[in-house]
Amino acid sequence: MKRLLLTIFLLLPLTNLAAMPTAPTLAAKSYVLYDYTSNQILVNQNGDDRMAPASLTKLMTAYLAFDALAHDTLDIEQELTVPEAAVKAQSGGESRMLLSAGQTVAVSELLKGLIIQSGNDAAITLAINIAGSESGFVDLMNKEAKRLGMSQTHFANPSGLPDAQHYSTANDLARLATALIRDFPQHYSLFSERDYTYNNVTQANRNRLLWLDPHVDGLKTGHTETAGYCLVASAKRDNHRLISVMLGAASDNLRAIESQKLLNFGFQHFDVVRLYRKDQTVTQIRVWKGTEKYAELAFRQDLFLTIPKGSLPQLKATLEHRAPIIAPVVSGEKLAILKLAIGGKQYAEYPLQVSTAVPLANVFSRGWDTIRLLFE
């Protein structure tokens, strides 16, 4: 099977590309900068190294709680009973919502205690009420992690307490943060709240960036002796959203400073552009033995691309697909790859899908195309 190369000049002719932005070196064991808008990793420093996630674990606990609300197995105003397990094993150093065993608390309050106050007692109360037991909830956490593509993650508890079998990576946590923002936008504002008062006790959100940067609107901090100081943060400027993951910083102050540097780097050195709209026809390809001569190719979602500032005129695309294409062609079938290069260097590639099916033609038309193909 031969391959046909079709070149399309999307913008202006190719010129020499300035050097790619140099990512800052930050004081943390692992960190990544993920572009939520374009689904691209912009900075990756030890992003696949397994690390203790500490209270970043509660991002998954929140995800499953939101999922239970979406499937009506939980109601936002439902009163849940605080189990003994949620309070009996707490030490003085744990983050707590300050619950008491046997009391009833609304799900809405437990979610605030979980997300804003980072309460371990809130996490365990939600977990046991959703799944019947902590171990049952942990099973749900690991199943959901697998479904989301968090291949280097394993959970052992819903709160983030240290355990040899409790680990994740910066890249996996970026996937989880992305899923939270994408799947449950109606609950995302909880992550931007600066404090929460429960039982006459006010506790502040430990995410300092909520005070330092008006563009930051989430997500979560974590800390244990094993994990160090961790922060998953997200910021949005205009329609451009970035997610930073910082693991293993030496102090509370440092995780905020370094996360701010990472987010600033992304916004200052990269632009995001929309190349194609959802279902916009990108090109047509020849189809043989079908009811139509051509199949239209498109993207099922808007295609955004994040590129170094000033490099837009130097972007070139090539469309690559096998040839010949023989009917039937099914809608949604991936028949081509759009390859993008900047300065002659491959930058990204995306599969193109058929937007309108091309059924098999009648016997006469198929026979005629068979003869014509002999001369192609």
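Residues numbered from 1 in each chain as written. Predicted model: local features only at pLDDT ≥ 70, side-chain atom pairs only at ≥ 80, totals over all residues. Heavy atoms only, no water.

Participant: Sorry if this is basic, but what is going on with the pairing of strand β18 (residues 345-354) here?
Facilitator: A regular strand places its side chains so that they alternate between the two faces of the sheet. Of the strand pairs in this sheet, strand β13 (residues 294-298) and β18 are connected by two bridges, and their pairing is antiparallel. Directly across from L297, in β18, lies its bridge partner V354. With antiparallel pairing between neighbouring strands as the criterion, strand β17 (residues 334-342) and β18 make up a hairpin whose turn holds two residues, including G343 at a positive phi of roughly 60°. (Pairing = 2+ DSSP bridges. Helix = DSSP H or I, 4+ residues; strand = E, 2+ residues; numbered from the N terminus.)

Participant: When you look at the environment of E144 in this model, what are you seeing that I'm missing?
Facilitator: Relative to the assigned elements, E144 resides in helix α5 (residues 134-147). Put simply, E144 and L64 are 80 residues apart on the chain and 8.2 Å apart in space, counted from C-alpha to C-alpha. With residues near it in sequence (within four places) discarded, E144 still touches M60, Y63 and L64. (Contact = heavy atoms within 4.5 Å.)

Participant: Would you take a moment to explain the packing of aromatic side chains for this structure?
Facilitator: How two aromatic rings sit relative to each other is set out by the distance from centre to centre and by the angle between their planes. Overall, the coordinates contain five aromatic pairs when judged by the stated rule. When the centroid spacing of 5.8 Å and the interplanar angle of 35° are considered together, the rings of Y276 and F299 count as tilted. Here F299 lies in the loop between β13 and β14 (303-308) and Y276 lies in strand β11 (residues 270-276), a separation of 23 residues in the sequence. The exposure class assigned to Y276 is buried, which follows from its relative accessible area of 8%. Take F299: its relative accessible area is 6%, and that puts it in the buried class. For the cation-ring pair, R286 lies above W288, with the distance from its terminal atom to the ring centre recorded as 4.0 Å. (Phe/Tyr/Trp six-rings, centres within 6.5 Å; stacked < 30°, edge-to-face > 60°. Buried < 20%, exposed > 50% of the residue type's maximum accessible area, 1.4 Å probe, protein only. Lys NZ or Arg CZ within 6 Å of the ring centre and 35° of its normal.)

Participant: Explanation requested: the nonpolar core in the structure shown.
Facilitator: One recurring pattern in soluble globular proteins is that nonpolar side chains are buried together. M60, F66, F191, V232 and V245 are the most contacted members of the largest nonpolar core, which has 61 residues in total. Considering each element in turn, this core owes the most residues, nine residues, to helix α1 (residues 58-70). Contacts of F191, omitting those with residues within four sequence positions, involve L59, A62, F66, I115, L180, N205, L210, D217, G218 and L219. A317, I325, I342 and A348 belong to the second-largest nonpolar core, a separate cluster that totals 28 residues. (Core = buried A, V, L, I, M, F, W, Y, C linked by side-chain atoms within 4.5 Å.)

Participant: For this particular structure, what's the right way to read the sheet that holds strand β10 (residues 240-249)?
Facilitator: Hydrogen bonding along the main chain pairs the strands of a sheet, whether they run parallel or antiparallel. Strand order in the open sheet made by the five strands is β3-β2-β10-β9-β8, with antiparallel pairing throughout. Looking at which strands have only one partner, the edges of the open sheet turn out to be β3 (40-45) and β8 (216-224). For this sheet, the mean inter-axis angle between neighbouring strands, taken without regard to orientation, is 10°. Direction of pairing for strand β2 (residues 30-35) relative to β10: antiparallel, over a ladder of six bridges. Bridge pairing in β10 places V32 opposite V245. Against the sheet, helix α6 (residues 170-183) engages β2, β3, β8, β9 (228-237) and β10, with an angle of about 140° to β10. (Axes fitted to C-alpha atoms, helices over the stretch in contact; angles between N-to-C directions.)

Note that all results are geometric; they support no functional claim without further evidence.
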